[in-house]
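Listed below are the residues making up each chain.
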Amino acid sequence: MSLPQAFADAQSPDSDNSFVNQLAAVVRGEVRLDQHDRLLYATDASIYQMAPLAVVLPIDTDDVSRLLAWCQGKRMPVIPRGGGTSLAGQGVNRAVVCDLSPNFRAGLSVNVGARVAHVQTGMSIDQVNRWLTEQGTGLFFAPDPATVAQCAVGGAIGNNAAGARSIRYGRTSENIAALEVVLADGQKVWLGPGAGRTDPLAARLAGQIAALAREYAQVIRERFPKLNRRNAGYGIDMILQQIDAGLADIDLDLTGLICGSEGTLGIVTSAKLKLHPVPQFRGLGIISFPDVLQAVDAVQTILATGAVAVELLDEAVLDAAANNINCRPYLDLLEPIGNARPGAVLYVEYIGEQAIDEVDAGLTELVRVLAGAPLRIYRDAPSMARAWALRKAGEPLLHGIPGKRKPLTFVEDNSIPVAQLSRFVRGVKEIVGKYDVSAAYWAHASVGVLHIRPMLDLHDEADRDRLRAIAVEVADLAKDCGGVMSGEHGDGRVRGPLLERFFGPEVMDCFARIKQVFDPSGILNPNTIVNAGPIESITQRLRIWPEESPVKVVPTETYFDYSDQAGFDHAVEMCNGAGVCRKTAGGTMCPSYRATLDERHSTRGRGNALRLAMTGQLKRRADGTVDFDDPDTLATLDLCLSCKACKSECPSNVDISRLKAEYLAHRHRQVGTDLAAKVFGHVRTLNRLGSIMPGITNFVNTLPPVRMLLNRLLKLAPKRSLPRYARSLYRQLKPTTVDRPRVVIYADCFVTYNEPELGLSAARVLEKLGYSVVLPKVHCCGRAMISTGLLPDAIASADRALADLLPFARDETVMGIVVLEPSCLSAIRDDWLQLKLTAPLADRQRVAEKSFLVEDFIDTFWEKHPVTPDPQSLRSGPPILLHGHCHQKALWGDKTSSAALRRLAGDRVKVLDSGCCGMAGSFGYLARKYDLSMKIGELSVFEPVRQASADTCVTAPGTSCRHQIHDGTGRKALHPIQVIEQLLSN
């Protein structure tokens, strides 16, 4: 089936396409046509980049129907999109993007008796299962790819996703009861078993597909791999199996054909999902091996023990985890080999739906058959969750590997008979070795699906040649081993060109005729599966070469040092599109995405925007330098709260907070700094002036004309309360003269001038622990300047503050420098080490190593304090509810506050499973951001605080967090040091 000529016209870059502008009149949902918005959808999690023609966010199925009917009339290509996490490039095309993820997120109904749930396909798999839990069903949707937190149900259907436990539960296609599909002409049809008996359209489709299955039956039997896990081409073999089983055409279930069709046959707007009982018991064994070959050799033996999952991670993934803040602690779960980290591990899971006996039997047998191999067994949910978090992070983790050669997604989806795994892995090692290339390996070993990532540099022409050669040779090896190159990630742009080599021309002709049945005009995700192009097209339309010429990061003299990320150019390109930032529960990343569900305001959206800006794909100045005043890029960065969550929660270590500050600093240099940025950036000066006569300042700020003036000048939200000023901490805290070990209190901008009672409380606690307290005059750490992009000012201020603190860091009689504000400590322990300060790095590290949150200092040195109180009598009393600060959670974990509280109050302390509060310094003060700020607070912070009993002590270490809790709930939150003082006074 050839591509209609109208498509070639529509796909030409930057063509007029004036008819695209008519889209806004066709659908009720939002239509985005500008270049910036389109380019944010130009990539998925693959190596490709193709700018779409437009982006449509339909609001319901009727909208999708109208969109497709109109596009078919215009012969306009359309591509459906959910989470945009496709690894093979099937999520990008020169087409109209139909993004279902913002508005198709409802659970519609659930029939517990029938074990079927009806959901919209923009929901993530995690969201579906959270909804089922909230409904009290005791059931779950089983497919569990590593991207469950961000993979949309529609995407799982499009790729026929499976995941770690498919040996027990099967692929998505085995877990579908029925699908609501909008065809290319806008007609809606429900497909499922017997759909043709009630719907003439379903009957027609079933009859035409059945005729093709019979016509090509012989070649289908010969050419299709005999595997449970395969996702190459269209699943016509599943239709033939039903015919062979005696089903009449009218009774055929076509959902297996839609699953894995990559949006080329229709757009699935809702699905009826088959559900399974939630296992009541789980157990996990993690076995360590010296290398990946020995691990693979053990798989068949392990499968005989009745495991429901056998997952492989190799040395490359484990090394990447060691360099990731969030994943590094998970490595403690692995049994070392001697004194060394293992070269590979296998995760082996057992489940019991009703009884633990099945788990016990499996783990016992595992220990027996492995005969003394390095093994750890976990039964507790927290440890197993941490272990699986490492496994799920495997793919994006690799993108944090430094160097020009990166682990690329082009042979990462081979499905091989388990009996042939060892042969296949050894063969791949020979192939990549022949081209002087290394590779990372991880896998759903239980079903023979191997994810292999050769390390190549796409900027290098020779490596692009190697990529194509390796792709062909590995695909041939997979076929020779009885497998196939597409197991669960699909064909897309990277494997579509290999389909004819695998299946032959007759099967490819069958595929073309299948597409003709569903999509006669060929508008749905064209050139995917059918007409995929020659082998050479595998390395076309790449991120680094999207059009006629390659793109590179424009050389820029930076304010931050990016050597920890292999240079600025590498830092800009680190986002691989995996979309972990699009999760809607757990952790903190990404607050603005969770509130807006807008791709533009995800970490990935900002990462893409920065990459596009810094490679000059959006806007350049006449001299060829980057235009840092691009309003679209600024708008995309605008809703970033600089929470730093991406620094740790993004497995690729994308640090948008740092990159955003860098971009804003260059903008200030190019066009100047506005008043609001100057005021908010130099908040220490503002607070110091306000505290000179705090009573008068606070009174004046309550006068309506004054507040109106401030709102206008600084663009403040009228509903936001203003901080109150107080007599400076310097004027209230009297230094201790007793000859004792000393502790320095860092006088930050807020404790010093707004909340000196916190500094006084810290001093009293430290003195009670036997210390002399020192309060030196210090300069601002630069935190607010960094957040507002005033990096030259931040560097100058940080250098001065460092000089203030360095003598104490060198003084052995000083036990520590304690900080009350987590964001200030994050400046000292994170930003100061990365900014290009004049002070030597060794001096910065010395200060950082001696700096602690005050409550963390109390806990860390508990056994070494001159005076150690007895906390045993403090275990009873009202509950204590702790909300951790974003920077704290991202860099050190909220245990840096909770540990001291728990040491004193035990189980009375509950740590909120909360994300960002939404305040984020100056972010929540601004009128244009106030509503979003409060919406973020409502996601996970406000409601638990409101529901807390009246006697519950609410505590938060961040001044912004306490301010937000007050404005959002009316509750007063204390700093942990105030709670500790109260506890020690009991």
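For the structure, check the block above.
Visitor: Report on the overall build of the protein, specifying residues and quantitative values.
Guide: When its secondary structure is counted, the protein shows 46 helices and 26 strands. What you see for the protein is a C-alpha radius of gyration of 29 Å, in line with the 30 Å of a compact globule of 986 residues. By element, 52% of the accessible surface of the protein is carried by carbon and sulfur atoms, the whole surface being about 34900 Å². Averaging the positions of the 110 positive and the 109 negative side-chain charges in the protein gives two centres separated by 5 Å.

Visitor: I'd love a proper account of helix α16 (residues 381-392), names of residues and values included.
Guide: With 12 residues, α16 extends 16 Å from end C-alpha to end C-alpha; this agrees with the ideal 16 Å at 1.5 Å per step. Where α16 is concerned, the buried positions are Ser383, Met384, Ala387, Trp388, Leu390 and Arg391. Looking straight down α16, one finds its buried side chains confined to an arc of 150°; they lie on one side. Facing away from the buried side of α16 by over 90 degrees, the exposed positions are Ala381 and Pro382.

Visitor: Which residues make up the sheet that holds strand β4 (residues 96-99), and what values go with them?
Guide: Adjacent strands of a sheet pair through backbone hydrogen bonds, lying either parallel or antiparallel. The four strands are arranged β1-β2-β4-β3 in an open sheet whose pairing can be described as mixed. Each end of this open sheet is capped by a strand with a single partner; those strands are β1 (30-32) and β3 (78-81). Sheet twist, expressed as the mean angle between neighbouring strand axes with direction ignored, is 20°.

Visitor: Pulling in residues and values, what's your account of the pattern of salt bridges?
Guide: Side chains that differ in charge, positive against negative, can pair when their charged atoms come close. Counted by the stated rule, this structure contains 59 salt bridges. Notably, a salt bridge pairs Glu599 with Arg604, separated by 2.9 Å at the nearest N-O pair. Residue class for Arg604 comes out buried when judged on its relative accessible area of 2%. Asp967 is the salt-bridge partner of Arg720, the closest N and O atoms lying 3.0 Å from each other. Of this pair, Arg720 sits in the loop between α32 (704-714) and α33 (729-732) while Asp967 sits in helix α45 (residues 959-969); the two residues are 247 residues apart in sequence, bridging distant segments of the chain. What emerges from the salt-bridge pattern is a single network uniting Asp564, Lys644, Lys647, Asp655, Arg658, Arg783, Asp830 and Asp831.

Visitor: Which residues make up the packing of helix α38 (residues 822-834) against helix α39 (residues 841-849), and what values do they have?
Guide: A packed helix pair is summarised by two numbers, namely the angle formed by the two axes and the spacing between the axes. Look at α38 against α39: their axes get within 9 Å of each other, and the N-to-C directions meet at 170°. As the angle between them shows, α38 and α39 are arranged roughly antiparallel. Mapping the contact onto sequence places Ile828, Arg829, Trp832, Leu833 and Gln834 in α38 and Leu841, Arg844, Gln845, Val847 and Ala848 in α39.

Visitor: Quick rundown of the packing of aromatic side chains? Include the residues and the values.
Guide: What the rule picks out here adds up to 15 aromatic pairs. Ring pairs connect the aromatic residues Phe224, Tyr234, Phe502, Phe503 and Phe511, which therefore count as one cluster. Taking the ring centre of Trp190 as reference, the NZ or CZ of Lys272 above it sits at 5.0 Å. Here Lys479 stacks its cationic end above the ring of Phe502, 5.5 Å away from the centre of that ring.

Visitor: Please give an account of the side chain of Thr172 that cites residues and values.
Guide: Structurally, Thr172 is set in the loop between α7 (166-169) and β8 (176-182). Among the polar contacts listed, one links the side chain of Thr172 to the backbone oxygen of Ala161, at a separation of 2.7 Å. Discounting chain neighbours no more than four positions away, the residues touching Thr172 are Phe141, Pro143, Ala156, Ile157, Asn160, Ala161 and Cys259.

Visitor: Give me the lowdown on the environment of Val979, citing residues and values where you can.
Guide: In this structure, Val979 sits in helix α46 (residues 976-985). What makes Val979 buried here is its relative accessible area of 2%. Excluding its chain neighbours within four sequence positions, the residues that come into contact with Val979 are Ile880, Leu901, Cys953, Thr955 and Leu974.

Visitor: Describe a nonpolar patch on the surface, naming the residues involved and giving the relevant values.
Guide: On the surface, Leu689, Ile692, Met693, Ile696, Phe699, Val700 and Leu703 cluster together into a nonpolar patch covering about 650 Å² of accessible area. The element best represented in the nonpolar patch is helix α31 (residues 694-702), accounting for three residues. Structurally, the position occupied by Phe699 is in helix α31.

Quick notes on the rules
Residues numbered from 1 in each chain as written. Predicted model: local features only at pLDDT ≥ 70, side-chain atom pairs only at ≥ 80, totals over all residues. Heavy atoms only, no water. Helix = DSSP H or I, 4+ residues; strand = E, 2+ residues; numbered from the N terminus. Rg over C-alpha atoms; globule rule 2.2 N^0.38 Å. Areas by Shrake-Rupley, 256 points an atom, 1.4 Å probe, with all protein chains shown as cover. Lys, Arg positive; Asp, Glu negative; His and termini not counted. Charge placed at Lys NZ, Arg CZ, Asp CG, Glu CD. Expected span 1.5 Å × (residues − 1). Buried < 20%, exposed > 50% of the residue type's maximum accessible area, 1.4 Å probe, protein only. Arc of directions from axis to C-beta. Pairing = 2+ DSSP bridges. Axes fitted to C-alpha atoms, helices over the stretch in contact; angles between N-to-C directions. Salt bridge = Lys/Arg side-chain N within 4 Å of Asp/Glu carboxyl O. Parallel < 35°, antiparallel > 145°, perpendicular 65-115°, else oblique. Contact = heavy atoms within 4.5 Å. Phe/Tyr/Trp six-rings, centres within 6.5 Å; stacked < 30°, edge-to-face > 60°. Lys NZ or Arg CZ within 6 Å of the ring centre and 35° of its normal. Polar contact = N/O pair within 3.5 Å; in protein donor to acceptor, adjacent residues only side chain to side chain. Patch = residues over 30% accessible without salt bridge, like charges linked within 9 Å, V, L, I, M, F, W, Y side chains within 5 Å.

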